[in-house]
Amino acid sequence: MQKLNNFLLNKCHNKGSVSGISVRSGTSGASLFNYYASTRLQPASNLKILTAVAALRKLGPEYTFQTELHLGGKVVEETCHGNVYLVGKGDPTLQEKDYKQFVASLKERGIKNISGDFILDDSWYDDIRWSDDLIWADQQYGYGSEVSALTLAPDTDYDTNAIKLIITPEKLHTTPKIEILPHTEGITVTNDAVTTEEADEEALIVRRNNSANHFFISGKIGRKEGKQEVYMAIKHIENYIADTIRQILKKEGIALEGRIKKGKLQGDAACIYHKQSPPLTGIIIPFMKLSNNGIGEMLTKELGRKTYDDGSWESGLAAVKEALATYSINLDTIQLKDGSGISAANFIPAEELTRLLYEIQQEKWFPEFLASLPAAGEADKMIGGTLRERMKGLDVQAKTGTIEGVSTLSGYVTNGKGERLIFSILLNHLLDTDTGKELEDELVAIMAEIEEWC
């Protein structure tokens, strides 16, 4: 205990930052250590703990998202006489292969021509694409992409409504090779980057035009370091999805007389195909392990839709609070602004996080929640997640968090006696978040060494 106090006094004190730390017994829930633990601080992505708990409690671990394809007219002589409707209901796992299957289901019915329009219905959620506090500069990056009920992800990391740029160094002093997933339709790139022998990852700069899907790549990429993968947000996701469908229809030989456009399901159009997502227990793995913001915001809107029949942030956050009210945490001292933790106006004390992490151990779905947390030192990103390069040799499962000036870590550590400790470390007003990560790792290592807390 004294070692922990000394560390805080010598390394975390009087440096201009603010720290909140809480440690509890995993067995009794008793508070073992507090350092400004009741002070409201920004949790960054530690807020995802609250979103995951609310989703598991209200939606259930086996909950799935649906996407439906409807026909609004009869099929006569290989022509669908009416509109086709693709109805999105918040599945964050949709990829290009799924859109190919939607079109394939038309072909399987013998359809070679659509006389009407191809309608994209994403009205399951409201039309607000970004949470209130997402700063405009973040809207260009994959972690700040548009939130919609009809989505497209480039791979199984499920960075919804983003493209994946694979940037590979070529010959020295030449521009690198650029590959874009899922596809390049509607995407333009200005590539002014240069291949060098060595270059820090930060030396490569990728930006997007504020009003269009034009991307600027500059700076340096090193041959020694190899290729980089960068996720960037798509502007006007409905247009990119329309381009995706248009390409697939053409490839499959299905003519569309009308347009691909946004709209709502009308009348008694028959559902001819539906795609079901993996269960929630599978979705929270990339959500928590990779700290996927898009999934967090979609889960929030889904909670609003299922609880109050309103797929909005306002209703979603009300549903999160309703779920958390079943535990003994103090909601009056918590402020929630989104489902991912990207807002600088989210506030929660460290002691409320540890109290929640203690109480949910009694839930039937706790093993699934625990498995979703990044595991320290595990190289597989779907196991180690954001902790795969940290705290190797320690038995730690915890959620990381980082926004400008904030670094956080909350979860579970097993000490030398095999006892589970629950901790939350919230570091705010940092000038260097990397320093925050180092402090967190040292603090957790000290916690693991302590066998007597009295």
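This structure is a prediction, so every number in the text was calculated from the model and none was measured.

Cut-offs and rules
Residues numbered from 1 in each chain as written. Predicted model: local features only at pLDDT ≥ 70, side-chain atom pairs only at ≥ 80, totals over all residues. Heavy atoms only, no water. Domains from an automatic or database assignment. Contact = heavy atoms within 4.5 Å. Buried area = accessible area lost by both parts, 1.4 Å probe. Salt bridge = Lys/Arg side-chain N within 4 Å of Asp/Glu carboxyl O. Polar contact = N/O pair within 3.5 Å; in protein donor to acceptor, adjacent residues only side chain to side chain. Helix = DSSP H or I, 4+ residues; strand = E, 2+ residues; numbered from the N terminus. Nonpolar A, V, L, I, M, F, W, Y, C, P; charged D, E, K, R; others polar. Pairing = 2+ DSSP bridges. Buried < 20%, exposed > 50% of the residue type's maximum accessible area, 1.4 Å probe, protein only.

Engineer: Can you break down the domain arrangement of the protein residue by residue, with the values?
Structural biologist: Under the domain assignment used here, the protein contains domain 1 (1-63 + 280-449), domain 2 (66-128 + 238-276) and domain 3 (162-233). Listed as interface residues are ten residues of domain 1 and, on the opposing side, ten residues of domain 2. Here domain 1 packs against domain 2, burying approximately 860 Å² in sum over the two surfaces, 60% of which is carbon and sulfur. Considering only the surface of domain 1 that becomes buried against domain 2, Met-298, Lys-301 and Arg-305 emerge as the three largest contributors, covering 50% of it. Linking domain 1 to domain 2 there are one salt bridge. Where domain 1 meets domain 2, there are seven residue pairs in polar contact (both at pLDDT 80 or more). Ranked by the residues each element gives to the side of domain 1 that touches domain 2, the list is headed by helix 6 (residues 293-308), at six residues. Class assignment for the residues of the side of domain 1 that touches domain 2 results in four nonpolar, two polar and four charged.

Engineer: I'd love a proper account of the sheet that holds strand 5 (residues 75-76), names of residues and values included.
Structural biologist: With mixed pairing, four strands are arranged side by side in an open sheet as 5-6-8-17. Where the open sheet ends on each side, the last strands, each with one partner, are strand 5 and strand 17 (255-256). Here strand 8 (residues 113-114) pairs with strand 17 via two bridges, running parallel. The residue bridging Ile-114 from the neighbouring strand is Leu-256, located in strand 17.

Engineer: So what's going on with the pattern of salt bridges? Which residues, and what values?
Structural biologist: Counted according to the given criterion, the structure contains 26 salt bridges. A salt bridge links Glu-78 to Lys-112, with the shortest nitrogen-to-oxygen separation between them at 3.6 Å. With Glu-78 in the loop between strand 5 and strand 6 (79-80) and Lys-112 in the loop between helix 3 (96-108) and strand 8, the pair connects residues that are 34 residues apart, well separated along the chain. Since its relative accessible area comes to 40%, Glu-78 is described here as partly exposed. Lys-112 gets classed as partly exposed once you look at its relative accessible area, which sits at 48%. Residue Lys-164 is joined to Glu-229 by a salt bridge in which the shortest nitrogen-to-oxygen separation is 3.4 Å. Linking Lys-164 in strand 10 (residues 162-168) with Glu-229 in strand 16 (residues 228-233), this pair joins segments that are 65 residues apart in sequence. Classification of Lys-164 by relative accessible area gives buried; the value is 10%. Overall, Glu-229 belongs to the partly exposed group, its relative accessible area being 40%. When salt bridges with common partners are traced through the structure, they connect Asp-122, Asp-127, Arg-129, Glu-146, Glu-238 and Lys-262 into a single cluster.

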